[in-house]
Amino acid sequence: MIIHASGKAHLPGCTHIVPSDVRPPVYGWVLAPSPGAWRRLSPSHPLCATQGNTRRAAVGRCETCDATQ
Ligand SMILES: [Zn+2]
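Residues numbered from 1 in each chain as written. Predicted model: local features only at pLDDT ≥ 70, side-chain atom pairs only at ≥ 80, totals over all residues.

Lay out the overall build of the chain with the relevant residues and their values.
Scanning the chain from terminus to terminus reveals two helices and seven strands. Starting at the N terminus, the α and β elements of the chain follow one another as β-β-β-α-β-β-β-β-α. Taking 11 Å as the expected radius of gyration for a compact globule of 69 residues, we find that the chain reaches 11 Å, a close match to that expectation. Principal-axis analysis of the C-alpha atoms places the extent of the chain at approximately 25 × 25 × 20 Å. (Helix = DSSP H or I, 4+ residues; strand = E, 2+ residues; numbered from the N terminus. Rg over C-alpha atoms; globule rule 2.2 N^0.38 Å.)

So, in structure tokens, the structure goes:
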């Protein structure tokens, strides 16, 4: 899961993301999110990045990515 500075989470392969742009400080990411982590993330339940910029936390889902889930 890739977390942008805006707090929006994307999934690998999202057309909104240029892979070469995915690096700190703009992005943080979680390589192996737990099952259901995508569905659970919300402003009251942020998902924190574990790699890249680990100060990033996702509070919302990319709608395009969400449609694939
Ligand atoms: Zn996306």
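Explain the sheet that holds strand S2 (residues 8-10) residue by residue, including any values.
Strand pairing within a sheet occurs via backbone hydrogen bonds; the two strands may be parallel or antiparallel. Strand order in the open sheet formed by five strands is S5-S3-S1-S2-S7, with mixed pairing between adjacent strands. The sheet is open, and its two borders are formed by strand S5 (51-52) and strand S7 (60-61), each paired with just one other strand. (Pairing = 2+ DSSP bridges.)

Describe in detail the nonpolar core, supporting the description with residues and values.
Judged by nonpolar contacts, Met1, Ile2, Ile3, Ala9, Trp29, Val30, Leu41, Leu47, Ala49, Ala58, Cys62 and Cys65 together constitute the single largest core of twelve residues. Dropping the residues within four chain positions of it, Trp29 is found in contact with Met1, Ile2, Ile3, Val22, Ala49, Gln51 and Gly52. (Core = buried A, V, L, I, M, F, W, Y, C linked by C-beta atoms within 7 Å. Buried ≥ 20, exposed ≤ 12 C-beta atoms within 10 Å, placed from the backbone. Contact = placed C-beta atoms within 7 Å.)

Now, about unusual backbone geometry: what can you tell me, with residues and values included?
Following Pro24, the chain continues to Pro25 via a peptide bond in cis, the omega torsion being 5°. Counting through the fold element by element, Pro25 comes out in the loop between S2 and strand S3 (28-29).

Provide a residue-level description of the environment of Arg40, including the pertinent values.
Among the structural elements, Arg40 can be located in helix H1 (residues 37-40). Note on Arg40: 12 C-beta atoms within 10 Å, which makes it exposed. Taking the C-alpha atoms as reference, Arg40 lies 9.9 Å from Arg61; in sequence the two are 21 residues apart.

Give a detailed account of the environment of Met1, specifying residues and quantitative values.
Structurally, Met1 is set in the segment before strand S1 (2-3). For Met1, a count of 21 C-beta atoms within 10 Å translates into the label buried. Spatially, the C-alpha atom of Met1 lies 5.1 Å from that of Val30, the residues being 29 residues apart in sequence.

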